[in-house]
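# Structural characterization, general
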Amino acid sequence: MFPELNNLLNTTPDRAEQGKLTLLCDAKTDGSFLVHHFLSFYLKANCKVCFVALIQSFSHYNIVGQKLGVNLTMARERGQLVFLEGLKSAVDIFFQAQEKPHPLQFLREANAGNLKPLFEFVREALKPVDSGEAGWTYPVLLVDDLSVLLSLGLGAVAVLDFIHYCRATVCWELKGNVVVLVHDSGDVEDEENDILLNGLSHQSHLILRAEGLATGFCRDVHGQLRILWRRPSQSTSQRDQSLTYQYKIQDRSVSFFAKGMSPAVL
Amino acid sequence: MLDSLLALGGLVLLRDSVEWEGRSLLKALVKKSALWLVYHDFFRDPLNWSKTGEALPGGPLGALRAMCNRTDLGPVTIALDSLSWLLLHLPCTTLCQTLHTVSHQDSCPPGDGSPVGKVHVLGLLHEELHGPGPMGALSSLAQTEVTLGGIMGQASARILCRRPRQRPTDQTQWFSILPDFSLDLQEGPSIESQPHSDPHIPPVDPTAHLTFNLHLSKKEREARDNLTLPFQFSSEKQEALLRPRPSQATSHIFYEPDAYDDLDQEDPDDDLDI
C-alpha cells in the first residue's frame, strides 16, 4: 500500500468506499504496481480477498507484498486470501482429472466459451461464511489481468459478461469491491481490447490509468497516473473529476508529484 | 428543451461517453416521466447463469418483444439501460427491428379502432463501444438524439430533434443532476471561470527600453504617409500611361568605344575559342 496514493485517492483502509468497481489500465508502461497497492490495501483493511492471478506466480506477489508490509502466505493460511494461481492451475486442467468444472475450463473448449466456471469459483470463494471465525469486513475481487483472457481465445463480450456478474454479486449483493487490470494496446489496433476497455470504463466508478511519458523513458519520472472519478454530474461536487500526477517507483514505495515538479528537475 | 424530450413519441437515444456519463440523466428523465414504474431486473442474471427458473423466458430481448404486444392503452415510456448491452449481445438487425416495432406502435392501432397511447423509448448508448455502422443505424431510427458532453465540470446535452415533415432542430442545454435525481437546467459555464488575461495589468510596450529609436516625429510621419510606393498602380500613373506622350526626350545612351574595343557582332564577349 502506498500512502501517497491513498492521499491522492482520499481513502484509507479504515474508511474505503464499498460496492465500487475500480479499473486499472496501463498504456506503454507497466501498471502492476497498482495491483500490488490494492492487494496490500485490502488485506490491511481486513477484507476477504479473492485474487485471480493469471500473470505471475504466488511467490512473486508474496515477495512484493512483503516489501509493502503484508504476508500473503499467512493471509492464505488463515483464510483471508483465496488465491487462484492461473499459471499453475492452467496446467492442471490438462494433466489431472477434474470432477467438477475447473475455473479455467474455457481453455479446454474448442470454441470461445464463457467464464461461468470462473464466476462460480469467485462466488464460492467470497460467499459469507456463517461459522464463528473472525469476520472479515467485506469481500474484494482482484483480477490480474483481463487482457490475457482475450489472448487465450475469449471474446471481449464474454469477459464483460463475467465482470458484469462479478459486479452484481460482489459489489451489489455482498457490498464489496472489484479491482481489475486491463492493458491498453495504444497504437496497436486491437478492437477486442478496445471494446473490453471501453465497456469496463463505462461500468467503473474509478479509473486509474498509468501511462508512459510521451517523450520516452526517463530515469527520474517513470510515468504519469491519470485518476478519473466517474460520478454523476452534480453541481455541488467539490472534488475534481480528473487528476493527473507523475510518479517514480522506488524499492518500497511510489512517490507522486505534480507534472513537472519531480525533485530531480527542481 | 431537455425536460420536454419525452413529449414526442418514438426513440430517444442518450449517447454518453466515459468522461460524461449518461445514466443519471436517464434516471432523471425516467423520474420525470414515470407515474407508475415497472422494473425488469436483468442486472443480476442477464444470461440466466444461475438457472433458478426466475428469469423471464427469452431474456431481455424477449421482455422487449413482449412490450410490442401490449394490450393496455395509455402512454408508456420504456427506458433501456443500456442499448449498448443489447447491441453487444444481439445482432444489430434484430435489435433495430425490435426497436422499430416497439416505438412505432402508435401508428398501427388495434383492430377495434381505439387509439393506443404514445410509446416513448429511451435508450442509453455508450459511444465508444460501437462502430459507425450500428451507431448510424440506431441514429437513423431515433427521433431525438441527446449527446452528452461538457466543459470544466459542467455537463451539457446536445439535443438533435428530427420531427416528421419539419426541419431538424439542434440545441445545447447545460444541466446538472441533483442528488434526488431531479433535473436542474443551467445557463452555461460562467465567463469568469474561463481563463483570460487580467485587465488590471497594462499591456507591456515593446518599443520602450530599446537602444535604437523606433518612434517617428510628426514631420517624419507626414513624409512617410505622403510617399507613394514605386510599384503601386495609382490613378496618376494610369493617366500618365494612357495619355499619348508629347515630345518627351527619350533616353539616350552615349557610348564612345576606345582603342581596345573590338565590336564583333558575332562574338561581343570575345570568349569564343574557335
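Reference entry: report on the structure contained in this document. Fair warning: this is a prediction, and the values are worked out from it, not measured in the lab.

Attention shifts here to the overall build of chain B. Counting its secondary structure elements, chain B contains seven helices and seven strands. Starting at the N terminus and walking to the C terminus, you meet the elements of chain B as β-α-α-β-α-α-β-α-β-β-β-β-α-α. Across the 274 residues in chain B, those meeting the buried criterion constitute 31%. A separation threshold of at least 6 residues defines the contact pool for chain B, and within that pool the share at least 24 residues apart is 61%. Accessible area of chain B: about 19300 Å², with a carbon and sulfur share of 56%.

Right, let's talk about the interface of chain B and chain A for a bit. With 30 residues of chain B in contact, the opposing surface of chain A contributes 28 residues. Considering only the surface of chain B that becomes buried against chain A, B:Val18, B:Phe43 and B:Trp49 emerge as the three largest contributors, covering 34% of it. Here chain B is connected to chain A by zero salt bridges. There are six residue pairs in polar contact (both at pLDDT 80 or more) connecting chain B and chain A. Contributions of two or more residues to the side of chain B that touches chain A are made by helix H1 (23–33), helix H3 (83–89) and strand E6 (169–177) of chain B. Per-class residue counts for the side of chain B that touches chain A are 14 nonpolar, eight polar and eight charged.

A few words on the sheet that holds strand E5 (residues 154–161) of chain B. Residue and element names in this part refer to chain B. Reading across from one edge, E2-E3-E1-E4-E5-E6-E7 is the order of the seven strands in this open sheet, with mixed pairing throughout. Across the chains shown, the open sheet's two edge strands, defined by having one partner strand only, are strand E2 (76–80) and strand E7 (183–186). Sheet twist, expressed as the average angle between the axes of neighbouring strands with direction ignored, equals 30°. Alignment of E2 against strand E3 (residues 119–126), held across five bridges, turns out to be parallel. Among the inter-strand pairings, Val-76 is bridged to a residue of E3, identified as Val-119. Contacting strand E1 (10–16), E2, E3, strand E4 (144–151), E6 and E7, H1 crosses the sheet at an angle of about 170° to E3.

Describing an aromatic ring pair means giving the distance of the ring centres and the angle of the ring planes. Residue and element names in this part refer to chain A. Overall, the coordinates contain twelve aromatic pairs over all chains when judged by the stated rule. Look at Phe-51 and Phe-83: their rings are 5.3 Å apart centre to centre, the planes differ by 80°, and that puts the pair in the edge-to-face class. Residue Phe-51 is found in strand E2 (residues 48–53), and its partner Phe-83 is found in strand E3 (residues 81–85); the two are separated by 32 residues along the sequence. The two residues Phe-51 and Phe-83 agree in class, both being buried. Taking 4.8 Å as the distance between ring centres and 90° as the angle between the ring planes, the aromatic pair formed by Phe-58 and Phe-83 counts as edge-to-face. Highlighted residues: Phe-58 in helix H3 (residues 58–67) and Phe-83 in strand E3, separated in sequence by 25 residues. Residue classification places Phe-58 among the buried residues on the basis of a relative accessible area of 9%. When its relative accessible area of 11% is taken as the criterion, Phe-83 is described as buried. Grouped by ring-pair contacts, the aromatic residues Phe-2, Phe-33, Tyr-247 and Phe-256 constitute a single cluster. Above the face of the Phe-58 ring, Arg-76 is positioned so that its terminal group lies 3.8 Å from the ring centre.

What counts and how
Residues numbered from 1 in each chain as written. Chains lettered and ligands numbered in written order. Predicted model: local features only at pLDDT ≥ 70, side-chain atom pairs only at ≥ 80, totals over all residues. Heavy atoms only, no water. Helix = DSSP H or I, 4+ residues; strand = E, 2+ residues; numbered from the N terminus. Buried < 20%, exposed > 50% of the residue type's maximum accessible area, 1.4 Å probe, protein only. Contact = heavy atoms within 4.5 Å. Areas by Shrake-Rupley, 256 points an atom, 1.4 Å probe, with all protein chains shown as cover. Buried area = accessible area lost by both parts, 1.4 Å probe. Salt bridge = Lys/Arg side-chain N within 4 Å of Asp/Glu carboxyl O. Polar contact = N/O pair within 3.5 Å; in protein donor to acceptor, adjacent residues only side chain to side chain. Nonpolar A, V, L, I, M, F, W, Y, C, P; charged D, E, K, R; others polar. Pairing = 2+ DSSP bridges. Axes fitted to C-alpha atoms, helices over the stretch in contact; angles between N-to-C directions. Phe/Tyr/Trp six-rings, centres within 6.5 Å; stacked < 30°, edge-to-face > 60°. Lys NZ or Arg CZ within 6 Å of the ring centre and 35° of its normal.

Remember, this is a structural readout, not a statement about activity or role.
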